[in-house]
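This is what each chain is made of:
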Amino acid sequence: MVNSRVETPTVAVMGGGGGAPGRSCAGCGGRIADRFLLFSMERYWHTRCLKCSCCHAQLGEYSSTCYSKGGMILCKNDYIRLFGHSGACSACGQSIPASEMVMRAQGNVYHLKCFTCATCRNRLVPGDRFHYINGTIFCEHDRPGAGLLSGHPTSLQTSSMMSDQKVC
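Residues numbered from 1 in each chain as written. Predicted model: local features only at pLDDT ≥ 70, side-chain atom pairs only at ≥ 80, totals over all residues. Heavy atoms only, no water.

Counting through the fold element by element, H46 comes out in the loop between strand 3 (43–45) and helix 1 (59–62). Judged by its relative accessible area of 2%, H46 falls in the buried class. Counting along the chain gives 12 residues from H46 to D34, while the straight-line C-alpha distance between them is 7.3 Å. Setting aside chain neighbours within four positions, we find H46 in contact with C25, C28, G30, R31, I32, D34 and L38. One polar contact links the side chain of H46 to the main-chain carbonyl oxygen of R31, over a distance of 3.2 Å. (Helix = DSSP H or I, 4+ residues; strand = E, 2+ residues; numbered from the N terminus. Buried < 20%, exposed > 50% of the residue type's maximum accessible area, 1.4 Å probe, protein only. Contact = heavy atoms within 4.5 Å. Polar contact = N/O pair within 3.5 Å; in protein donor to acceptor, adjacent residues only side chain to side chain.)

Take a look at the structure:
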């Protein structure tokens, strides 16, 4: 089972892989005979095999930290892109499973069921227009200031909503 918590550092570079009998790579399954090997998530890896599941960056070269969630191994940038800074829904605070589709607004991540208008509580779906004001989501109909005359300036930010159709 892949651990979903972050350990620092999660990638340790070790020398002497060539003389170590019985060490096989968790990525390719091959024997590790390289001069250096990586140890991450309680397993050994060739330096070329420990890669981000999304961008395929070689994590031993890229960073000394990697993240794992839902069977994926991720670099920091892809982990934050997929799960936000906390891996939790910005509305309810509950964890978001790696396999679950999400909605995003201004760098925040939401469960589909939690992406709702703050006024009418209607769930917003892909294609709906919404306004994100001071961390609060409003549908097109309920946005604050909707009744203002067009001559009055507003600080509303309009975005088209998109859900993630695939993980990477």
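What follows picks up the thread again.
Further remarks concern the environment of C92. Looking at where C92 falls in the secondary structure, it is placed in the loop between helix 2 (76–83) and strand 6 (102–105). Assessed through its relative accessible area of 35%, C92 is described here as partly exposed. Filtering out sequence-adjacent residues up to four positions away, C92 remains in contact with H111 and C114.

With that settled, consider helix 2. Those residues of helix 2 not exposed but buried are D78, Y79, L82 and F83. Projected down its long axis, helix 2 carries its buried residues within an arc of 105°, all on one side. Buried residues along helix 2 sit against strand 4 (67–69), strand 5 (72–74), strand 6 and strand 7 (108–111). (Arc of directions from axis to C-beta.)

Moving on, we come to the side chain of H131. Among the structural elements, H131 can be located in strand 8 (residues 129–133). The exposure class assigned to H131 is buried, which follows from its relative accessible area of 2%. Polar contacts involving the side chain of H131 include one to the side chain of E140, which spans 2.8 Å. Within the structure, the side chain of H131 is placed 3.4 Å from the side chain of R143, a separation counted as a polar contact.

Judged from the 4 bridges that link them, strand 6 and strand 7 form a sheet pairing that is antiparallel. The residue of strand 7 that forms the bridge with A105 is N108. The antiparallel pairing of strand 6 with strand 7 creates a hairpin that spans 2 residues between the two strands, and Q106 there sits at a positive phi of about 50°. (Pairing = 2+ DSSP bridges.)

What follows covers the pattern of salt bridges. Following the criterion strictly, the structure yields 3 salt bridges and no others. A salt bridge links R48 to D34, with the shortest nitrogen-to-oxygen separation between them at 3.2 Å. Linking R48 in the loop between strand 3 and helix 1 with D34 in the loop between strand 1 (12–15) and strand 2 (36–40), this pair joins segments that are 14 residues apart in sequence. Among the charged side chains, a salt-bridge network with shared partners connects R129, E140 and R143. (Salt bridge = Lys/Arg side-chain N within 4 Å of Asp/Glu carboxyl O.)

Nothing here speaks to function; it is geometry throughout.
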